[in-house]
Amino acid sequence: MSNQIRSATSQIALDLERVRGASIKTSKDSSFTLANNGGGYDLRVSGVQSTDPVTSIAIPDNVILQIGGSTVGSLTYGAPYGDLSATNRTLTVSKSGGKTQIFYVVGVTGKVIR
């Protein structure tokens, strides 16, 4: 597996845990949203209102992130326990040329399994 895929997967998993932790810490809903047609994602760690601060993360060129097979989507963690509310919890990181890493965000707990 390429280093770009491995690195992107590790960063995404850490950021998912960061968003979940923010939901617990702030007692506000927090979200992880695909951006740039799967070429990155936005972290909204203090709620899901349009006025909340957003951190945008780009992933390496030629690497695509998908949730449930789509480059459009989001995961929302609900306060106060960081419960996950999403229909698709399978995330795929892939690179042109066929290299792919699949990982999961599990059920209500929101834990990331690679």
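Residues numbered from 1 in each chain as written. Predicted model: local features only at pLDDT ≥ 70, side-chain atom pairs only at ≥ 80, totals over all residues. Heavy atoms only, no water.

## Examining the pattern of salt bridges
The criterion, for reference: Salt bridge criterion: a side-chain nitrogen from Lys or Arg within 4 Å of a carboxyl oxygen from Asp or Glu. The helix count covers DSSP runs of H or I at least four residues long, the strand count covers runs of E at least two residues long, and both are numbered beginning at the N terminus. A simple rule labels every residue: compare its accessible area, found with a 1.4 Å probe on the protein chains alone, to the largest value its type can have, and call it buried under 20%, exposed over 50%, or partly exposed in between.
A complete count under the given rule lists one salt bridge for this structure. With a closest N to O distance of 4.0 Å, Arg 18 and Asp 15 form a salt bridge. Note that Arg 18 and Asp 15 are positioned in helix H1 (residues 3-26) at a spacing of three residues, about one turn of the helix. By relative accessible area, Arg 18 is classed as partly exposed at 39%. Judged by its relative accessible area of 5%, Asp 15 falls in the buried class.

## Overview of the sheet that holds strand E5 (residues 74-78)
The condition that has to hold: When DSSP finds two or more bridges between a pair of strands, those strands are recorded as paired. Here the axes come from fitting lines to C-alpha atoms, over the contacting stretch only for helices, and the angles between their N-to-C directions go from 0 to 180 degrees. For this analysis, residues touch if any pair of their heavy atoms sits within 4.5 Å.
If you walk across this open sheet you meet the five strands as E3-E2-E1-E5-E6, and the pairing is antiparallel. The two strands at the open ends of the sheet, each matched to only one other strand, are strand E3 (55-58) and strand E6 (83-85). Mean inter-strand twist for the sheet, computed between neighbouring axes without regard to direction, equals 20°. Sheet topology places strand E1 (residues 30-35) next to E5; four bridges connect them, and they run antiparallel. Across the sheet, Ser 31 pairs through a bridge with Thr 76, a residue of E5. Against the sheet, H1 contacts E1, strand E2 (40-44), E3 and E5, and its axis sits at roughly 150° relative to E1.

## Considerations on the packing of aromatic side chains
Here is the rule we go by: Each Phe, Tyr or Trp ring, with Trp reduced to its six-membered ring, pairs with another whose centre is within 6.5 Å; inter-plane angles below 30 degrees give stacked pairs, above 60 give edge-to-face pairs, and intermediate values give tilted ones.
For the structure shown, the criterion picks out one aromatic pair. Here Phe 32 and Tyr 41 contribute two aromatic rings whose centre-to-centre distance is 4.7 Å and whose plane-to-plane angle is 25°, an arrangement assigned as stacked. Residue classification places Tyr 41 among the buried positions, given a relative accessible area of 1%.

## Here we look at the nonpolar core
Put simply, the rule reads: To define a nonpolar core, start from buried Ala, Val, Leu, Ile, Met, Phe, Trp, Tyr and Cys residues and group those joined through side-chain atoms within 4.5 Å.
In terms of nonpolar packing, the biggest core is built from 24 residues, with Ile 12, Leu 16, Phe 32, Leu 65 and Leu 91 touching the most fellow members. Secondary-structure elements contributing two or more residues to this core are H1, E1, E2, strand E4 (63-67), E5, strand E7 (90-95) and strand E8 (100-106). For this core, the element with the highest residue contribution is H1, accounting for seven residues.

## Some details on the confidence of the model for the protein
Operational definition: Think of pLDDT as the predictor's per-residue confidence, scored from 0 to 100.
Taken residue by residue, the protein gives an average pLDDT of 85. The fraction at 70 or more is 93%. For the protein, E6 is the element with the lowest average pLDDT, namely 78, and E4 is the one with the highest, namely 92.

## Focus: a nonpolar patch on the surface
Convention followed: In this analysis, a patch consists of residues with relative accessible area above 30% that form no salt bridge, clustered at 9 Å for like charges and at 5 Å for the nonpolar side chains Val, Leu, Ile, Met, Phe, Trp and Tyr. We get accessible surface area from the Shrake-Rupley algorithm with a probe of 1.4 Å; when it comes to residues, only the shown protein chains can shield them.
A cluster of nonpolar residues, Ile 102, Tyr 104, Val 106 and Ile 113, forms a patch on the protein surface that exposes about 340 Å² of accessible area. Ranked by residue count, the leading element in the nonpolar patch is E8, at three residues.

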